Amino acid sequence: GEKTLYVLVPGFLEKGNVFAHQELPRGVKVFRYNSLKDVRQSGEKLSRFISGLNMPEKIRVIGRSEGGLVARWAIQAEGADSYVKLLATIGTPHQGTGFAQLSKIIPKKEIISGISRYLAEKLDISACYQMLPNSDFLNELNSLSLGKLEKALNIYTESFDELIWPHENAIWPYKGTDEKVINLKIKGINGHARLLYSVEVWNEIKKALKIDNIQKK
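Predicted, not measured: the structure shown is a model, and the values here were computed from it. (Residues numbered from 1 in each chain as written. Predicted model: local features only at pLDDT ≥ 70, side-chain atom pairs only at ≥ 80, totals over all residues. Heavy atoms only, no water.)

Glancing now at the sheet that holds strand β2 (residues 28–30). Strand order in the open sheet made by the six strands is β2-β1-β3-β4-β5-β6, with parallel pairing throughout. Among the strands making up the open sheet, the edge pair consists of β2 and β6 (181–186). In this sheet, adjacent strand axes meet at a mean angle of 15° when their direction is disregarded. When strand β1 (residues 6–9) meets β2, the two strands line up parallel, connected through three bridges. For Tyr6, the partnering residue across the bridge sits in β2 and is Val28. In the packing of helix α1 (residues 39–51) onto the sheet, the strands contacted are β1, β2, β3 (59–64) and β4 (84–90), and the crossing angle to β1 comes to about 160°. Across the sheet, helix α8 (residues 199–208) touches β3, β4, β5 (151–157) and β6, and the angle it forms with β5 is around 170°. (Pairing = 2+ DSSP bridges. Helix = DSSP H or I, 4+ residues; strand = E, 2+ residues; numbered from the N terminus. Axes fitted to C-alpha atoms, helices over the stretch in contact; angles between N-to-C directions. Contact = heavy atoms within 4.5 Å.)

Okay, here's the thing in structure tokens:
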């Protein structure tokens, strides 16, 4: 069968076809997950998904929005760094987002569990709480090493992102001295969706992930 070289991870409430407008190379797989649930669990599933692929070499991962956090957890906490060579994140709330404050209209899963375990599962929006600024999850994630990952490119807007408040929270707060993480602000591009549809963004990703033979799937 076709060898897998790239894995795409969609963002919050996004479908796999969110990437369909871009020219992508052959050998692409989309990881589908419940973006409302615990990011740690999604990251663990992504790590298992990656390790089970038919890979001739280490792969490249592109994470969009929350998908970037899922990819990071897989790589930094679940051993996927053994299989992933390069990572690109697009409009990812690496330092959380004030937009996630809206999640507080639904109590945390742990509280609902005391009333009904069934309801707790149905109303589980753990990921929203995890994307709050300074959450335990983000503090833990941002303290972890990148392991064997060679390089990461993080792309964010110039001055406005309607889903990441403030937009600077899309900067990956990498503390390593090895320059593995590159934070790239795209000038003239503002808006969460516009990042995804920007030709400049995808040209930067193709360069970073060394995608040479671009072919429409």
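The next thing to look at is the pattern of salt bridges. Enumeration according to the criterion identifies six salt bridges in this entry. With a shortest N-O distance of 2.7 Å, Arg48 and Glu44 are connected by a salt bridge. Here Arg48 and its partner Glu44 are both found in helix α1, four residues apart, which amounts to about one turn of the helix. Since its relative accessible area comes to 27%, Glu44 is described here as partly exposed. Here Glu150 and Lys85 are joined by a salt bridge, their closest N and O atoms 3.2 Å apart. With Glu150 in the loop between α6 (136–141) and β5 and Lys85 in strand β4, this residue pair connects regions lying 65 residues apart in the sequence. (Salt bridge = Lys/Arg side-chain N within 4 Å of Asp/Glu carboxyl O. Buried < 20%, exposed > 50% of the residue type's maximum accessible area, 1.4 Å probe, protein only.)

With that settled, consider the packing of aromatic side chains. Taken as a whole and assessed by the stated rule, the structure comprises five aromatic pairs. Ring centres of Trp73 and Phe137 lie 5.5 Å apart, and the angle between their planes is 40°; this geometry places the pair in the tilted category. Taken together, the residues span a long stretch of sequence, with Trp73 in helix α2 (residues 66–77) and Phe137 in helix α6 at a distance of 64 residues. Overall, the relative accessible area of 2% leaves Phe137 in the buried class. The ring of Trp73 has Arg40 sitting right over it, with the charged end atom 5.3 Å from the ring centre. (Phe/Tyr/Trp six-rings, centres within 6.5 Å; stacked < 30°, edge-to-face > 60°. Lys NZ or Arg CZ within 6 Å of the ring centre and 35° of its normal.)

Further remarks concern the environment of Lys185. Along the chain, Lys185 falls in strand β6. Residue Lys185 is classed as partly exposed on the basis of its relative accessible area, which comes to 38%. Separated by 27 residues in sequence, Lys185 and Glu158 place their C-alpha atoms 5.7 Å apart. Ignoring any residue separated from it by four or fewer positions in sequence, one finds Lys185 in contact with Tyr156, Thr157 and Glu158.

To continue, consider unusual backbone geometry. Of the consecutive residues Trp165 and Pro166, the connecting peptide bond is found in the cis state with omega at -20°. Along the chain, the position of Pro166 falls in the loop between β5 and β6. You will see that Ser65, though not glycine, has its phi angle at about 55°, which is positive. The residue Ser65 is located in the loop between β3 and α2 in this model. Residue Ser65 is classed as buried on the basis of its relative accessible area, which comes to 8%. Backbone geometry at Glu179 places phi at a positive 55°, although glycine is not the residue there.

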